[in-house]
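Understanding the architecture of this molecule
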Amino acid sequence: MADNHYVDNKRMYEAIVEYKQRALQAHQEGKPKPRVPESIGYCIWMIANRLSTKPNFIRYPYREDMIGDGVENCLAYFDNFDPIK
């Protein structure tokens, strides 16, 4: 899904759709929601890490905290993703 320095959008999208299907199936069966796969989390981290190197944020003293907050927010609202849109 993610090579050394590149996130493949199609593969990440497919992984998200697959996860959403598993989460829906678990919900219908009354089971707890499955964990977001590590590969998706890694892609989100790579995107946040790359964004932190933009000129707007490069001199922030707490860049790692900013990256962590970005990943946390993405995962907190991950269920709001609508693959149809």
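The following paragraphs examine the structure supplied in this document.

What about the overall build of the chain?
The number of helices and strands found in the chain is three helices and zero strands. Listed N to C, the secondary structure of the chain is α-α-α in terms of helices and strands. Dimensions of the chain, computed from C-alpha atoms along their principal axes, come out at roughly 50 × 25 × 25 Å. Within the chain, the proportion of its 85 residues that are buried is 21%. Considering only contacts in the chain between residues 6 or more positions apart, those separated by 24 or more positions represent 55%.

Here we look at the packing of helix α1 (residues 9-28) against helix α2 (residues 38-51)
Between α1 and α2, the least distance of the axes is 10 Å, while the angle of their chain directions is 135°. Judged on the interaxial angle alone, α2 and α1 are oblique. Like other packed secondary-structure pairs, α1 and α2 cross with a definite hand, here left-handed. Each of M12, A15, I16 and Y19 in α1 lies in contact with α2, whose residues at this interface are I40, C43, I44 and I47. Residues of the contact of α1 with α2, tallied by class, amount to eight nonpolar, no polar and no charged.

A word on a negative patch on the surface
Taken together, the side chains of E64, D65, D69 and E72 define an acidic patch exposed on the protein surface. Along the polypeptide, E72 turns up in helix α3 (residues 63-76). Accessibility expressed as a relative area gives 53% for E72, which makes it exposed.

Brief notes about the packing of α2 against α3
Where α2 contacts α3, the two axes come as close as 9 Å, and the packing angle between them is 140°. For the element pair α2 / α3, the angle class is oblique. As for how α2 packs across α3, the hand of that crossing is right-handed. Residues I44, W45, A48 and N49 of α2 lie in contact with α3, whose contacting residues are R63, I67, V71, C74 and L75. In terms of residue class, the contact of α2 with α3 is made up of seven nonpolar, one polar and one charged.

Notes on α1
In this model, α1 (20 residues) spans 28 Å end to end at C-alpha, consistent with the 28 Å of a helix rising 1.5 Å per residue. Of all the positions in α1, only M12, A15, I16, Y19, K20, A23 and A26 are classed as buried. Mapping the buried residues of α1 onto a view down its axis gives an arc of 140°, with all of them on the same face. In this structure, α1 carries K10, E14, Q21 and Q28 as exposed residues pointing more than 90 degrees from its buried face. Where the residues of α1 are buried, they touch α2. The N-terminus of α1 is capped by D8, whose side-chain oxygen sits 3.3 Å from the backbone nitrogen of K10. Looking one or two residues past α1, G30 carries a phi angle of roughly 80°, positive in sign.

Criteria and thresholds
Residues numbered from 1 in each chain as written. Predicted model: local features only at pLDDT ≥ 70, side-chain atom pairs only at ≥ 80, totals over all residues. Heavy atoms only, no water. Helix = DSSP H or I, 4+ residues; strand = E, 2+ residues; numbered from the N terminus. Buried < 20%, exposed > 50% of the residue type's maximum accessible area, 1.4 Å probe, protein only. Contact = heavy atoms within 4.5 Å. Axes fitted to C-alpha atoms, helices over the stretch in contact; angles between N-to-C directions. Parallel < 35°, antiparallel > 145°, perpendicular 65-115°, else oblique. Left-handed = near helix turned anticlockwise from the far one by under 90°. Nonpolar A, V, L, I, M, F, W, Y, C, P; charged D, E, K, R; others polar. Patch = residues over 30% accessible without salt bridge, like charges linked within 9 Å, V, L, I, M, F, W, Y side chains within 5 Å. Areas by Shrake-Rupley, 256 points an atom, 1.4 Å probe, with all protein chains shown as cover. Salt bridge = Lys/Arg side-chain N within 4 Å of Asp/Glu carboxyl O. Lys, Arg positive; Asp, Glu negative; His and termini not counted. Charge placed at Lys NZ, Arg CZ, Asp CG, Glu CD. Expected span 1.5 Å × (residues − 1). Arc of directions from axis to C-beta. Polar contact = N/O pair within 3.5 Å; in protein donor to acceptor, adjacent residues only side chain to side chain.

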